[in-house]
Amino acid sequence: MKSSRSLLLLFLLSGCAKKSLFEEHQWFHTTSQHGPPLITQQFSAPENIRPSEAKAIRAGSAEIQFQEVFLAGIPLKSSFIKTVWRNSQPIFISSRVPSEALSLDLDRLKTMERDVLTIQFFLKKYDPLLKVEKARIVWLPSLSGIHLSFEVTALNADGEFVEFLIDPDHQVLSKRRLDSGFEPAALNSTTSSSQVFARIFPLGPKYSQLQNIALSGLVGDGTLNSRRAKVTTLSAEKVQIAGDQIQYDPDSEKFDQVQVYHFVSQTLDSIEKQYGVEIPFQLDVQLHVGSPQKTNTAFYYGGHIRLGRGDEELYRKIPQDPSIVYHETYHAMIEVLAKLPNEGEGGALNEAFADFFTALQLDSPLLAESSYLKAAYKRTLNETHLLSEKTGQKYHDSLIVSSLLWECRKILGREMAGQISLKTLSLLTPISDFRDFIEKFKQVSPEFASAQQTRDLQALLQRRGW
Ligand SMILES: [Zn+2]
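None of these values were measured; they are calculated from a predicted model. (Residues numbered from 1 in each chain as written. Predicted model: local features only at pLDDT ≥ 70, side-chain atom pairs only at ≥ 80, totals over all residues.)

**Q** Please explain the sheet that holds strand β16 (residues 196-200) as it appears in this structure.
**A** As a general point, the strands of a sheet are linked pairwise by backbone hydrogen bonds and lie either parallel or antiparallel. The sheet built from three strands is open, its strands ordered β17-β16-β20 with mixed pairing. Each edge of the open sheet is held by one strand with a lone partner, namely β17 (211-215) and β20 (245-246). Of the strand pairs in this sheet, β16 and β20 are connected by two bridges, and their pairing is parallel. Residue pairing for β20: phenylalanine 197 is matched across the bridge by glutamine 245. Across the sheet, helix α3 (residues 253-274) is in contact with β16, β17 and β20; its angle to β16 comes to roughly 110 degrees. (Pairing = 2+ DSSP bridges. Helix = DSSP H or I, 4+ residues; strand = E, 2+ residues; numbered from the N terminus. Contact = placed C-beta atoms within 7 Å. Axes fitted to C-alpha atoms, helices over the stretch in contact; angles between N-to-C directions.)

Below you can see the structure in the form of structure tokens.
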């Protein structure tokens, strides 16, 4: 079911905005009358277009596969083909692919293949503190066609992930932050041999007392390292596990590391067991970013979570706040299922789902309740936000969606609200907006909800202007 069977049979339908170079398509296989009209057509791909190889990831009873489009062996930036499979059959395909054969200018490719190996050197001139994580050559779409360009992911001095697009003459074309924050601001052995108990807060300091909790899945190398996640610190105080019991002062940075390991494990358990989603990489979690300075850093990007300790003015003890750790961990699930972006309405959806799954797990709508110092919490989903209140500000707009989902939970119950949200998310893509979200939500919910619940949901959507 995995191998990229030539899925260039596409599809067409609703809301396809035609951009100059790309066509956007969605196709549903559905026998349900709630589904959109099914119009299938053959997409005759130009000769040199190929989807990338990609493994499908398990997501509940479905499997999800994301592919990029390659032209003459080079990836085309911002293209994708998302396929959802069930029982080895594609049930949903969404894509952003070139609308016609593009003329490919490969003149500079040879020198670029040499330069990509030393791109670090060129970027150093731009900012000497940048550390290159990944560099590759891509086709970059522009108004005048597509051009070869370097795509570089680098870490800046603040430990943030930044993407640079650089032309063949080494001029920086653009630069942007890649991560999903909490607010504006190769796998190890699978055998878990060691059972270690740690004295921590099972539900965070606000709602639990210190208890001895078994740390799940440690590989036994003396660090906080499992097949699924590795927790490290930039502080000098690093956890070293010897024996089967660890106990640290709750004010210490070592305590933070153990507490975060536990919160991340809890969330990954829920992602796997409750939602049936397999995260195909080990999460790299780094704490005390900026140490010895105290920062309010909290973000996720591409398998990496970065947390500061809190500056004691806005936040304190960020690693001990379950809502922030859960939120960043759920970004990994959202990335695997939908690759939602970090900007625009898609960015607001990304934050909304991270907050909503977090609130479900906490069984509380309050975010950053134990770490935020300026108020009782940073955000609450227990509010009414109308669709018409949209401002374009990502975290504000995310509340329009997350508070809607939270209200749905009151109609549907926790379990069903989670399943409907998961399935809705699995039908979203890097170009989804609020309209796409609500279409998918309306389509998915009757599969789970009773007739009465469906009527209640419709009334709720109407009240909030959807
Ligand atoms: Zn976030």
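That was the structure; now back to the text.
**Q** What is the right way to look at the sheet that holds strand β8 (residues 74-75) in this model?
**A** Judged by pairing direction, the sheet is antiparallel, and its three strands sit side by side in the order β4-β7-β8 without closing on themselves. Both outer strands of the open sheet, β4 (49-51) and β8, are each paired with one neighbouring strand and no more. Relative to strand β7 (residues 69-71), β4 runs antiparallel, the two being bridged by three bridges. Considered in β7, the bridge of arginine 50 is made with phenylalanine 70.

**Q** What is the right way to read the pairing of strand β11 (residues 131-142) from this model?
**A** In summary, the side chains of a regular strand alternate between the two faces of the sheet. The pairing of β11 with strand β12 (residues 145-155) spans 11 bridges and is antiparallel. From the neighbouring strand, proline 141 faces β12, where its bridge partner is isoleucine 146.

**Q** Just to check I follow, could you spell out the nonpolar core for this structure?
**A** Within soluble globular proteins, side chains that are nonpolar tend to cluster in buried spots. Membership of the largest hydrophobic core comes to 107 residues, with the highest contact counts inside it found for Val264, Ile334, Leu337 and Phe356. Ranked by residues supplied to this core, first place goes to helix α4 (residues 322-338) with 10 residues. Setting aside residues up to four positions removed in sequence, isoleucine 334 forms contacts with Leu340, Asn350, Phe353, Ala354 and Leu425. (Core = buried A, V, L, I, M, F, W, Y, C linked by C-beta atoms within 7 Å. Buried ≥ 20, exposed ≤ 12 C-beta atoms within 10 Å, placed from the backbone.)

**Q** Teacher, can you tell me more about the packing of helix α6 (residues 394-412) against helix α7 (residues 414-426) here?
**A** Any two packed helices are characterised by the angle at which their axes cross and by the distance between the axes. One way to put it is that α6 packs onto α7 with a least axis distance of 7 Å and a crossing angle of 130 degrees. With respect to their mutual orientation, α6 and α7 come out oblique. With respect to the hand of their crossing, α6 and α7 are arranged in right-handed fashion. Taking contact as the criterion, the partners of Leu405, Cys408, Arg409 and Leu412 in α6 are, on α7, Arg414, Met416, Ala417, Ile420 and Ser421. In the contact of α6 with α7, the residues fall into six nonpolar, one polar and two charged. (Parallel < 35°, antiparallel > 145°, perpendicular 65-115°, else oblique. Left-handed = near helix turned anticlockwise from the far one by under 90°. Nonpolar A, V, L, I, M, F, W, Y, C, P; charged D, E, K, R; others polar.)

**Q** Would you mind going over α4 with me for this structure?
**A** Helical periodicity: at 3.6 residues per turn, an α-helix aligns residues three or four positions apart in one direction. When the terminal C-alpha atoms of α4 are compared, their 24 Å separation across 17 residues agrees well with the 24 Å that a helix rising 1.5 Å per residue should span. Among the 17 residues that make up α4, 16 are buried, leaving the element largely enclosed by the rest of the structure. A positive backbone phi angle near 45 degrees is found at lysine 339, which sits one or two residues after α4. (Expected span 1.5 Å × (residues − 1).)

**Q** I would appreciate a short explanation of unusual backbone geometry in the present structure.
**A** Among all residues except glycine, the phi angle is most often negative; among peptide bonds, the trans geometry is most common. For the bond from serine 291 to proline 292, the omega torsion is 10 degrees, close enough to zero to count as cis. Looking at the element boundaries, proline 292 is found in the loop between β21 (283-287) and β22 (298-301). Positioned with a positive phi, alanine 368 is a non-glycine residue whose angle comes to about 60 degrees. Overall, the presence of 23 C-beta atoms within 10 Å leaves alanine 368 in the buried class.

**Q** Looking at this structure, I do not really get the environment of lysine 294. What am I missing?
**A** The residue lysine 294 is located in the loop between β21 and β22 in this model. C-beta crowding within 10 Å serves as the criterion here: with 18 such atoms nearby, lysine 294 is assigned to the partly exposed category.

**Q** Could you clarify how one ought to interpret the environment of glycine 222 in this entry?
**A** In this fold, glycine 222 is placed in the loop between β17 and β18 (224-225). Distance from glycine 222 to alanine 242, taken between C-alpha atoms, is 6.3 Å for residues 20 residues apart in sequence.

**Q** It is not clear to me how the confidence of the model for the protein should be interpreted in this structure. Could you clarify?
**A** Parts of the model with low pLDDT should not have their predicted coordinates read in detail. The pLDDT averaged across the protein works out to 87; a share of 89% of its residues lies at or above 70. Long-range and interchain partners of residues 1-19, a stretch whose pLDDT sits below 50, account for 50 contacts in this model, where long-range means more than four residues apart. Of the regions scoring below 50 in pLDDT, residues 185-192 engages in 13 contacts with residues more than four places distant in sequence or in other chains. (pLDDT = per-residue confidence, 0-100.)

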